[in-house]
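Listed below are the residues making up each chain.
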Amino acid sequence: MRFPNNFLWGGAIAANQCEGAWNIDGKGMSVADVAMFKPNVDKKDYVSQWHVSPEDIAKAKQSDDVVYYAKRHGNDFYHHYEEDIALFAEMGFKTLRLSIAWTRIFPNGNEDEPNEKGLAFYDKVFKCLRDHGIEPLVTLSHYEMPIYLVEAYEGWASREVVDMFVKFCQVCFKRYKGLVKYWLTFNEIDSVFRHPFTTVGIIEENYPNKDKAEEAIYKALHHQLLASALATKYAKQIIPEAQVGCMVTKTLTYPETCNPEDIYLAYKDNRMNLLYTDVQVRGKYPLWIKKYFADKGFDIPMLEGDEEIIAAYTVDFISFSYYMSMVQSINAEKREKVGGNLATGVKNPYLDTSEWGWQIDPKGLEISLLDLYDRYQKPLWIVENGLGYNDKIEEDGTIQDDYRIEYFASHFKAIAAAIAQGVEVMGYTSWACIDLVSASTSQMSKRYGFIYVDADDYNQGTYKRMKKKSFDWYKQVIATNGESLYE
Ligand code: BGP
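Remember, predicted model here, so these are calculated numbers, not experimental data. Residue numbers run consecutively from 1 along every chain, following the written order of its sequence. Under the rules for a predicted model, residues below a pLDDT of 70 receive no local features and side-chain atom pairs below 80 are neither given nor counted, while totals for whole chains, interfaces and linings still include all residues. Processing note: side-chain calculations cover all non-hydrogen atoms of the structure and skip hydrogens and water entirely.

Draft legend 1. Fine view of the packing of helix H11 (residues 260-282) against helix H14 (residues 362-376). Each axis is a line fitted through C-alpha atoms, taken for helices only over the stretch in contact, and angles between the N-to-C directions span 0 to 180 degrees. Runs of H or I in DSSP of at least four residues are treated as helices and runs of E of at least two as strands, each being numbered from the N terminus. With their axes 11 Å apart at the nearest point, H11 and H14 run at an angle of 40° to one another. Seen along the crossing, H11 lies across H14 with a hand that is right-handed. Residues Leu274, Thr277, Asp278, Val281 and Arg282 of H11 touch H14, and the partners they reach there are Asp371, Leu372, Arg375 and Tyr376. The class makeup of the residues in the contact of H11 with H14 is 4 nonpolar, 1 polar and 4 charged. Working rule for handedness: look at the near helix, and if it is turned counterclockwise from the far one by less than a right angle, call the crossing left-handed; if clockwise, right-handed. Contacts are assigned to residue pairs that have any heavy atoms within 4.5 Å of one another. Following the grouping adopted for this structure description, the nonpolar residues are Ala, Val, Leu, Ile, Met, Phe, Trp, Tyr, Cys and Pro, the charged ones are Asp, Glu, Lys and Arg, and the polar ones are all others, Gly among them.

Draft legend 2. Representation of the site of the ligand within the structure. Proximity criterion: a residue is near a molecule or strand once any of its heavy atoms comes within 4 Å of it. Lining the immediate surroundings of the ligand are 15 residues, of which Gln17, Glu188, Ala439, Ser440 and Tyr448 lie closest. In protein, a polar contact requires one atom able to donate a hydrogen and another able to accept it; more generally it is a pair of N or O atoms within 3.5 Å, and residues adjacent in sequence count only if both atoms are side-chain atoms. In this structure, an oxygen atom belonging to the ligand sits 2.8 Å away from a side-chain N or O atom of Lys446. Contacts to the ligand include Tyr448, whose side-chain N or O atom sits 2.5 Å from an oxygen atom. Within the shell around the ligand, the residues separate by chemical class into 6 nonpolar, 6 polar and 3 charged.

Draft legend 3. Local environment of helix H8 (residues 160-176). Multiply 1.5 Å by the residue count of a helix minus one, and that product is the helix's expected span. For H8, built from 17 residues, the straight-helix expectation of 24 Å at 1.5 Å per residue is met to within 8% by its first-to-last C-alpha distance of 25 Å. Accessible area is worked out with a 1.4 Å probe on protein chains only. A residue is then buried under 20% of its type maximum, exposed over 50%, and partly exposed in between. Listing the buried residues of H8 in full gives Val161, Val162, Met164, Phe165, Val166, Phe168, Cys169, Val171, Cys172, Phe173 and Tyr176. Looking at the buried positions of H8, the neighbouring elements they touch are helix H5 (102-105), helix H6 (116-131), strand S3 (135-141), helix H7 (147-153), strand S4 (182-186) and helix H10 (210-238).

Right under this line is the structure:
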C-alpha cells in the first residue's frame, strides 16, 4: 500500500468563504465581510486584491450588499450543509477540514457570553459529519476575526485579543468535546506579512512608517503564537484525546541559478518560511529572529511566562497548504514575473501556471514534505492543495475538469513518493472540495471543487450543486486508497 490504511482523505473549506448567512442568527461582522470582489483589478495583482483601507471598512459597515461583498454569500453552506456533507460522504471522505467563524460565537469578540445560535449551528454540522463517519478537522481562526476587534483594539497587535481568542477556543473545546478531536489553531499563520489586515486585523494606513508597520506585525504574530500555545494547552485539558496542529503556507523557494548569491536569497526566504513552525514545533524563537528584532530595535513585548507557554505547548502535528513554489534571483527586477496568493515572484520556466498565475509544481510538494519531516520528525498533514479554474458547463450538463484530475494525480503521486521515503503523512484535504468564494479575489469563478456550485461572480445563479468529472475520479482514489492512480 502506498498510502497508510488510516490515511485521512478528504477536503477543506472555510466558514468565511462558504457559509454565507453573514448577518443572521446573531453573527457579527468579520474581516471577510468587508472584503470586496474587485472586477476591475487584475486577478494576478495580489496586493490590490487583498488590500482593505479604513474607508473600505467604513463603507462596508454601511452596506448590506452581498454581491460585491461576496464572502457574505459564500456558497450558502449555512443552508446547504446537509446536502454538501452527503456529497462529501458519497465521495468517501474520511475527513472534512472546516473552520468555526469566531463572529458566530462571539459577534464582536469581546462579549461575556457566547451566542447560542452560533454554537448550535456547528453542533448540527459536526453531528452531521459524525453521522456520515467523517472526522472533522477544525480550524479555529481562518481569516475571520471580528471587525470590532480591528477597530477597537488594533487587531492582534493588542494583547487583549489573546485572552478573547483563548476564551472563544475554550468555549469551542467544551461545546464540541466528543465531536471534534483534530484542531488547527491559525490558518496560514505566516500570511501575517502578505495580508496583515485579513490575518491579524492590522490596517496598513495606521502605520505609515514601514518599520513601525513591521514591528506591529511581529507583535501581532507573537500574540498569535502565544494564543496558539494556550489554545493547545486548553484543548488538551478539556479534550484529553485532542490532537492540535499548526498550519502554515509551504512556500518552497528555489534559487534561479547556482550563483551562491541566488542560493543565499532562496535560503533566506525558506528560513523565513520555517520561522513559524520552528516556534510552534520546537517551542522557541530561533536566535536569528531575536537578533533581527534587536538589530531593528523592535519592541516585541514578551511578558513573563510567554516563552515558557510557547515552550510547553507545542503542536502534535504540522499541517500546511501547498499551491506553488517560488523562485528567487538577484536579477529579479529584470525577470518575467508571475502572480499568486503569496507574492509576485520570478517566473519558473520549467513550470506551467494557472490562469491566476500560480505555478504548478508537484515535485515541490514532495520536496516540501521531505524538508518538513527531515527538520521536525512530526506527522504532516496537507490541508490545502488544489487548482483554481474557471470551469465551464458543457451542453450536455457535464463538467469535464480533466485539468484538475491531472493536477491532483500528480500531487498525490508526489505525496506517495515522500511516504515511500519514510515521511509520516496523516492525511490530505483538497482545497476546496466544493466551489466557494476565493480568499484573495472574492470570485466564485476561481473554482476549486469536485462539486460545482451554480453562482457566478455577481451572485447570479441557483446555488444548485453539480458533480464535476473529478468527483467520481476522487471517489475512486479514496476507495482504492490511492491505488487507482497507478492503474
Ligand atoms: C489559502 C487560504 C484559503 C484559500 C486558498 C486559495 O491561502 O487559506 O482560504 O482560499 O489559499 O486561495 P484563493 O481562494 O485566493 O484562490
